[in-house]
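For reference, the chains in residue letters:
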Amino acid sequence: MRVCKAGTCKIKYTGEDDCIFIFSKETAVADQVCHDFVEQLFTCYTGVTWTGYCKFKTLEYQSLNADSAFLSARTFVNVWFSWASSMQIDFRDYQDPWCGDNPELLAGDGTHV
């Protein structure tokens, strides 16, 4: 349930219809932000990192004269893994379109072998 600022009304809102991933009471992100990070991983050969991505997004916000910064790297990592988990994709079944069954680089989250 979401409550308005005045605390006078409540509404059931998941964010799904608006492509918003609600991580907590305080934090929600557009699905596109998480998809964008994945896109950066696959298209940037510079080795994008969590911290680097967050710094880039903060600079992007500042260029738009936004008064706030992007999420901290720690928060974004938590949001991204929660978002990825909510998609119910078994990434172990994913096949890289460039390397096929013989990837040059393998990465894991350290929770499953």
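Residues numbered from 1 in each chain as written. Predicted model: local features only at pLDDT ≥ 70, side-chain atom pairs only at ≥ 80, totals over all residues. Heavy atoms only, no water.

**Q** So what's going on with the packing of aromatic side chains? Residues and values would help.
**A** Scanning the model with the defined rule gives 13 aromatic pairs in all. Ring plane angle 20° and centroid distance 4.5 Å describe the contact between Phe37 and Trp50, whose orientation is recorded as stacked. Of this pair, Phe37 sits in helix H1 (residues 31–43) while Trp50 sits in helix H2 (residues 50–63), and the two are 13 residues apart along the sequence. When its relative accessible area of 26% is taken as the criterion, Trp50 is described as partly exposed. Measuring from centroid to centroid gives 5.1 Å for Phe37 and Tyr53, while their planes differ by 75°, and the two rings are edge-to-face. Taken together, the residues span a long stretch of sequence, with Phe37 in helix H1 and Tyr53 in helix H2 at a distance of 16 residues. Summarising the burial analysis for this pair, Phe37 and Tyr53 share the class buried. (Phe/Tyr/Trp six-rings, centres within 6.5 Å; stacked < 30°, edge-to-face > 60°. Helix = DSSP H or I, 4+ residues; strand = E, 2+ residues; numbered from the N terminus. Buried < 20%, exposed > 50% of the residue type's maximum accessible area, 1.4 Å probe, protein only.)

**Q** Describe the packing of H2 against helix H3 (residues 73–86), and please don't skip the residues or the numbers.
**A** At their nearest, the axes of H2 and H3 sit 9 Å apart, and the two run at 105° to each other. Judged on the interaxial angle alone, H3 and H2 are roughly perpendicular. Contacts between H2 and H3 involve Trp50, Thr51, Tyr53 and Cys54 from the former and Ala73, Phe76, Val77, Trp80 and Phe81 from the latter. (Axes fitted to C-alpha atoms, helices over the stretch in contact; angles between N-to-C directions. Parallel < 35°, antiparallel > 145°, perpendicular 65-115°, else oblique. Contact = heavy atoms within 4.5 Å.)

**Q** I'd like a rundown of the side chain of Lys57, residues and numbers included.
**A** Mapped onto the elements of the fold, Lys57 is located in helix H2. Lys57 gets classed as buried once you look at its relative accessible area, which sits at 10%. The contact partners of Lys57, leaving out residues within four places of it in the chain, are Asp36 and Phe70.

Such coordinate-based values are descriptive only and should not be taken to indicate function.
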